[in-house]
Amino acid sequence: MTKKAPAYKRILLKLSGEALMGDDSYGINRPTIARIVSEIKEVVELGVQVAIVIGGGNIFRGVALGAAGMDRATADYMGMMATVMNALALQDTMRGVGLGCRVQSALNIEQVAEPYIRGKAMRYLEEGKVVVFAAGTGNPFFTTDTAAALRGMEMNVDIVLKATKVDGVYTADPVAHPEATRYNRLSFDEAIQKNLKVMDATALALCRDQNMNVNVFSIFKPSALKRVVFGEDEGTLVYC
């Protein structure tokens, strides 16, 4: 019997900082990050090249009250530093399970992470290493969603995968509106017009203009990442 091949050769996985919290109110939950890494490892062992953009909400939102009234650019730089901490935690966990990983930061902090260099990142991916992009785009006023779209384009990935707490994009907030239904497929134009909060508008427009599909799925659903990589009906596919 012929073994089924993955649908994608190279992916960009957008992980929110909140995904690392588990059931905690802030910070990094070790069992949760270990489970996420085990799912990433499973995909890497299939021969899929994995790049990751990580958020920092699990750390920065813990000090958000103290940042109230703070200059927006300063607050954004603080958020970027939080993503670096999450990236280092991911790298440490990956190395613990024998998975090669490199962290590249858009901010220059060479004592703990390499600077972002596109050519080196591409080479790492070709060598089978996971590359974690930290510090967003390195610029304030841009979200990590936009960083994910940008790095996805630069790495020539086949698709951007957005890992969230819910299993796709719904017609309304499924927590507040239990009657809401999930989209299996959704066009970028429809997502933007209906303001469905798939990603921020800048990221959505960038993916649409560069013909880069996005799949939104739940990182908390066992083996969901693997099913997405095999092109199965998992989550919501946002297409051009």
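Being a predicted model, the structure only gives us computed values, none of them experimental.

Along the protein, the regular secondary structure elements total eight helices and nine strands. The contacts in the protein between residues at least 6 apart in sequence include a share of 73% that link residues at least 24 apart. With an accessible surface of roughly 11,200 Å², the protein has 52% of that area assigned to carbon and sulfur atoms. Within the protein, the 26 negative side-chain charges are centred at a point lying 4 Å from the centre of the 27 positive side-chain charges.

Quick look at the pattern of salt bridges now. Following the criterion strictly, the structure yields 16 salt bridges and no others. Taking the shortest distance from any N to any O, the salt bridge between Lys129 and Glu127 comes out at 2.7 Å. Take Glu127: its relative accessible area is 45%, and that puts it in the partly exposed class. For Asp145, the salt bridge identified is with Lys162, shortest N-O distance 3.2 Å. Of this pair, Asp145 sits in helix α5 (residues 144–154) while Lys162 sits in strand β6 (residues 159–164), and the two are 17 residues apart along the sequence.

Examined against the element boundaries, Ser218 turns out to sit in strand β8 (residues 214–218). For the pair Ser218 and Met21, spaced 197 residues apart in sequence, the C-alpha separation works out to 14 Å. Each residue touching Ser218, except ones within four places of it in the same chain, is listed here: Thr164, Lys165, Val166, Asp167 and Ala224.

Criteria and thresholds
Residues numbered from 1 in each chain as written. Predicted model: local features only at pLDDT ≥ 70, side-chain atom pairs only at ≥ 80, totals over all residues. Heavy atoms only, no water. Helix = DSSP H or I, 4+ residues; strand = E, 2+ residues; numbered from the N terminus. Contact = heavy atoms within 4.5 Å. Areas by Shrake-Rupley, 256 points an atom, 1.4 Å probe, with all protein chains shown as cover. Lys, Arg positive; Asp, Glu negative; His and termini not counted. Charge placed at Lys NZ, Arg CZ, Asp CG, Glu CD. Salt bridge = Lys/Arg side-chain N within 4 Å of Asp/Glu carboxyl O. Buried < 20%, exposed > 50% of the residue type's maximum accessible area, 1.4 Å probe, protein only.

Any link to function would need more than the numbers given here.
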